[in-house]
Structure formats: structure tokens, C-alpha cells
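Close look at the chain arrangement
What follows is the residue order along each chain.
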Amino acid sequence: MDAEKLTAGIEAAARRAGAIMLSASDIERKTSEKEGHGNFVTEYDKKIQAFLFDALREVLPEANFLGEEDGAGNFREEYRKGYLFVIDPIDGTANFLSGFRPSVTSIALLKDGEPYIGVVYDPYDDLMFTAQRGKGAFRNGERIHSLERDLAHSLVDFGTAPYYPELQDLTFALARRYMNLAMDIRHAGTAAWDLCLMAQGSIGIFYELKLEVWDFAAGALIAEEAGCRVTDAAGLPLTYDRKTSVMAASAGVAREGCYLPADVLGINVKN
Ligand code: LIP
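Computed from a prediction, not measured in an experiment: that's the story for all the values here. (Residues numbered from 1 in each chain as written. Predicted model: local features only at pLDDT ≥ 70, side-chain atom pairs only at ≥ 80, totals over all residues. Heavy atoms only, no water.)

This part covers the sheet that holds strand E3 (residues 64-67). Sheet architecture is open: seven strands sit in the order E3-E4-E5-E6-E7-E8-E9, paired in mixed fashion. Looking at which strands have only one partner, the edges of the open sheet turn out to be E3 and strand E9 (142-144). When the angles between neighbouring strand axes are averaged without regard to direction, this sheet yields 20°. Inspection of the sheet shows E3 paired to strand E4 (residues 83-91) by four bridges, in the parallel sense. From the neighbouring strand, Phe65 faces E4, where its bridge partner is Phe85. Sitting on the sheet, helix H1 (residues 3-22) touches E4, strand E5 (104-111), strand E6 (114-122) and strand E7 (127-132), and the angle it makes with E6 is about 35°. Strand contacts of helix H6 (residues 213-225): E3, E4, E5, E6, E7 and strand E8 (137-139), with the helix running at about 100° to E6, the strand carrying the most contacts. (Pairing = 2+ DSSP bridges. Helix = DSSP H or I, 4+ residues; strand = E, 2+ residues; numbered from the N terminus. Axes fitted to C-alpha atoms, helices over the stretch in contact; angles between N-to-C directions. Contact = heavy atoms within 4.5 Å.)

Dropping the structure here:
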């Protein structure tokens, strides 16, 4: 199936997943805790993931699936070849159960281990971000581009990696340093959305020191296709088979250079 038809099928599934998110009620009673600080799952995470597994199997029957809530959640060797859907049914679950917007549905389709199609949907504002490898990034069908301004005239957005207390000191030391170098600091609580903000040219840098593949796989492709430079925090190419730090720089910040933790804090962050 060609990329256009695949993207259309994934978009349709994401839109229906968003409708389930908007229909949620009594969320707090349907919430349970997972391992790690601040890590929650609701019945809607599981319901949306189950829906997406069924809907996307219709789109591409031969694909494998890796989803945040499928228990195993571990990358398997067979995922390195062929098609793999990487799904975060509700990215920003803490936002979702707190009524803090947005929370989004993130769906990446990897082909032979690399992102091929990325779709992120914000149902609250009906914003559909999409990208196909090599064909640009779009928001509701309109082409979007990374910010061209330098860091001093850009916002910096970051994720707090709340499940990893050992990363908090460095996470906030970086934010404190960027506060001196950028216009201001922002924090949204959903990496997929953060990377779409990069792609639409709202943000100069996004970083988070540890994320699961399902948090960033779709958003990283969308940001790259919009002209951002997306690496790990050491400036190395992203990996899609394990947890990793993520560092996205706008075209303007990447051109200016010297924005990595090693540059601004003298600390080389290894995964
Ligand atoms: C979330 C990420 C966010 C991060 C949170 C959490 P979830 O994903 O999108 O950037 O800071 O710790 O990982 O768990 O809500 O799907």
C-alpha cells in the first residue's frame, strides 16, 4: 500500500481514538498507578490502544505492534524488519487525568526499524500532525516548518522525565541554563505534542532526558520533516529500539550550534 493511503488510514484511526479520549468521563475512578513516580494509566489508555490495534490491523495486516499499554512494551528482534506500529494511545496521561490540555494520540509506522510515517492527533483542538519520510510535515494538511530564529529569540520546551528521579537535577539544571540563553521556558507534559510544537515553528529546543519509543517516534519524524535536527542529548542519531534521551533543535538553533548539554553545561549526557 502506498504511503498516502497508509497515512490516510492511520489518520482516520487517530481521529477515532481522539473521539474516545473526548468521550471520557469519571477518569479519576478509572485510573491506576504504574511503576515509577507519577506514572499512571487509565482505562481510556487501554481502551484506545485496543481500538488502535484493531483499526490499524485493518490498515496494514502484516505490521507488528508495540504499544505503551500492551504489557510487554519491549522491543523484539523481529521488529527490526518490516512494518511496526509504535503507539502511545494517550501521550500526556497525567495531563489527561488532570484536565490539563493537551493529551494526544501518537502513532508511528516504522519500516525496517526507522520511522516511515508519523501521525500525532490533538482531539481538543482537532489538530492532525502528519509526516511521511522525505515528504515534509503537515498540520491539518498545511505544510509546516521549523523556527528559523536563533536561541536568544526562541522558547525552550522540556519534559521532566518524571518517572526517573535520578534525572531531575540535570533536567532542571539544563532548564535553568537555557533560561539565560533563550526567551523563556515552557513545559507541556507530552513529548509527542512538544515535538509537533517544534515542527510548527513555535519552539527552538525541546529536550527530555529519557523517553520511551512510543512517546517520540511519530513526533521525531514530524519534527525532522519540518526541518528540525532531532538527536539524543549527546547529539547522536535517535534509536528506536530502546528508551533514549531526545533533543530537538529548530533549524535556526541548529545552524547557530552549541545548544547541547555538553555545550551549555559542560556535561555530556549519555543514554
Ligand atoms: C509522557 C511523555 C512526557 C513525559 C512523561 C510521560 P505518557 O508520556 O509524553 O513527555 O514527560 O513522563 O512519559 O506516559 O503520558 O504516555
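Next, the rest of the story.
Tracing the backbone shows Gly136 in the loop between E7 and E8. Remark: the alpha-carbon pair of Gly136 and Phe40, spanning 96 residues in sequence, is separated by 34 Å.

Okay, the side chain of Glu208 next. Secondary-structure assignment places Glu208 in strand E12 (residues 205-211). There is no salt bridge for the buried Glu208, and the closest opposite charge comes from Lys210, which lies 11 Å off by N-O distance. A polar contact is formed between the side chain of Glu208 and the backbone nitrogen of Ala161, at a distance of 2.9 Å. Other than its neighbours up to four places away in sequence, Glu208 contacts Gly159, Thr160, Ala161, Pro162, Ala191, Ser245 and Val246. (Buried < 20%, exposed > 50% of the residue type's maximum accessible area, 1.4 Å probe, protein only. Lys, Arg positive; Asp, Glu negative; His and termini not counted. Salt bridge = Lys/Arg side-chain N within 4 Å of Asp/Glu carboxyl O. Polar contact = N/O pair within 3.5 Å; in protein donor to acceptor, adjacent residues only side chain to side chain.)

The next thing to look at is the site of the ligand. Around the ligand sit 15 residues, and of these Asp88, Asp91, Thr93, Tyr163 and Glu208 come closest. Within the side chain of Asp91, a nitrogen or oxygen atom sits 2.6 Å from an oxygen atom of the ligand. In this structure, an oxygen atom belonging to the ligand sits 2.8 Å away from a main-chain N or O atom of Gly92. Sorting the residues of the shell around the ligand by element identifies E4 and E12 as the ones contributing at least two each. Per-element accounting of the shell around the ligand gives the leading share, three residues, to E4. Of the residues assigned to the shell around the ligand, the class counts are six nonpolar, four polar and five charged. Taken domain by domain, the shell around the ligand gets at least three of its residues from each of domain 1 (3-144) and domain 2 (151-264). (Near = heavy atom within 4 Å. Nonpolar A, V, L, I, M, F, W, Y, C, P; charged D, E, K, R; others polar. Domains from an automatic or database assignment.)

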